[in-house]
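A look at the structure
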Amino acid sequence: MAEDKFPGWHGTTILAVRRNGRVVVAGDGQVSVGPTVMKGTARKVRRLSPGGRDVVVGFAGSTADAFTLLERLEKKLEALPGQMARACVELAKDWRTDKYLRNLEAMLIVTDGVDIFVVTGAGDVLEPEHDVAAIGSGGNYALAAARGLMEGGEDAETIARKAMKIASDICVYTNGNLTVEVLGSDA
């Protein structure tokens, strides 16, 4: 977040793990201002169903900004059914070039249960390596933990939950109040 607008605001760890035909997106519930937890049960992972197709989005950053982006993404997904990658690219292009949107402070992880993308206001639409993506204050901790856990034989949801637990033990801006959404085979 822009420190000059919201000094000391921190929070959010969002993690996506893909394994054996399933994608799990997990997000913690903490929003902090400096040393104070303002809310411990925020819900930063959402399921969208544009045109009847499920997409899960996790967001880090300003909530109002993220909801603006979620609305725009949903419209793109409705206009481009079955083309999540293209919808994400179109959103990133708008986000980067539109005078209003370019000031939005957020990041998104988007999945349709097959592909995973990290979308940023810098115009990035990144597909993660190693079937793991993470954003937010504790994102690097969750990413490292999940990548290490991928070496074992556990399923995507178990890996995501364990990695988020590790992140919450390390990052003071991450808690264990998880929202977890699953997409893919048997989901």
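To start, this report covers the structure provided alongside it. (Residues numbered from 1 in each chain as written. Predicted model: local features only at pLDDT ≥ 70, side-chain atom pairs only at ≥ 80, totals over all residues. Heavy atoms only, no water.)

1. Section: the side chain of Thr174
Following the sequence through the fold, Thr174 ends up in the loop between helix H4 (156-170) and strand S12 (179-184). Side-chain polar atoms of Thr174 contact the side chain of Thr13, separated by 2.5 Å. Residues in contact with Thr174, not counting those within four places in the same chain, are Thr13, Asp28, Gln30, Gly138, Ala167 and Ser168. (Helix = DSSP H or I, 4+ residues; strand = E, 2+ residues; numbered from the N terminus. Polar contact = N/O pair within 3.5 Å; in protein donor to acceptor, adjacent residues only side chain to side chain. Contact = heavy atoms within 4.5 Å.)

2. Comments concerning the pairing of strand S8 (residues 106-111)
S8 sits mainly inside the fold: five of its six residues count as buried. Pairing between strand S7 (residues 55-61) and S8: six bridges, direction antiparallel. Within the sheet, the bridge partner assigned to Val56 lies in S8 and is Thr111. Of the strand pairs in this sheet, S8 and strand S9 (residues 116-120) are connected by five bridges, and their pairing is antiparallel. Bridging from a neighbouring strand, Met107 pairs with Thr120 of S9. In sequence, S8 turns back onto S9 through a hairpin of four residues, with Gly113 there showing a positive phi of about 95 degrees. (Buried < 20%, exposed > 50% of the residue type's maximum accessible area, 1.4 Å probe, protein only. Pairing = 2+ DSSP bridges.)

3. Description of helix H3 (residues 139-149)
For H3, the full list of buried residues reads Gly139, Ala142, Ala145 and Ala146. Axial view of H3: buried residues confined to an arc of 135 degrees, hence all on one face. Exposed side chains of H3 directed beyond 90 degrees from the buried face belong to Asn140 and Ala144. (Arc of directions from axis to C-beta.)

4. A few points about the sheet that holds strand S2 (residues 13-19)
Each strand in a sheet pairs with its neighbour through backbone hydrogen bonds, running either in the same direction (parallel) or in the opposite one (antiparallel). Ordered by their spatial adjacency, four strands build an open sheet running S11-S2-S3-S12, and the pairing between neighbours is antiparallel. Strand pairing shows two members of the sheet lacking a second neighbour, strand S11 (132-136) and S12, which therefore form its edges. Mean inter-strand twist for the sheet, computed between neighbouring axes without regard to direction, equals 10 degrees. The strands touched by H3 within the sheet are S2 and S11, with S11 carrying the most contacts at an inclination of about 165 degrees. (Axes fitted to C-alpha atoms, helices over the stretch in contact; angles between N-to-C directions.)

5. Observations concerning the environment of Ala134
Along the chain, Ala134 falls in strand S11. Taking the C-alpha atoms as reference, Ala134 lies 15 Å from Arg19; in sequence the two are 115 residues apart. Sequence-distant contacts of Ala134, that is, excluding residues within four places in its chain, are made with Ile14, Leu15, Ile109, Gly139 and Leu143.

6. Some thoughts on the sheet that holds S9
Within the open sheet, the five strands sit side by side as S6-S7-S8-S9-S10. Their pairing is antiparallel. Each having just a single partner strand, strand S6 (45-48) and strand S10 (125-126) make up the two edges of the open sheet. Of the strands in this sheet, S6, S7 and S8 are in contact with helix H1 (residues 63-79), which crosses S7 at around 155 degrees. Strands in contact with helix H2 (residues 84-97) are S7, S8, S9 and S10; relative to S9, the strand with the most contacts, it is inclined by about 10 degrees.

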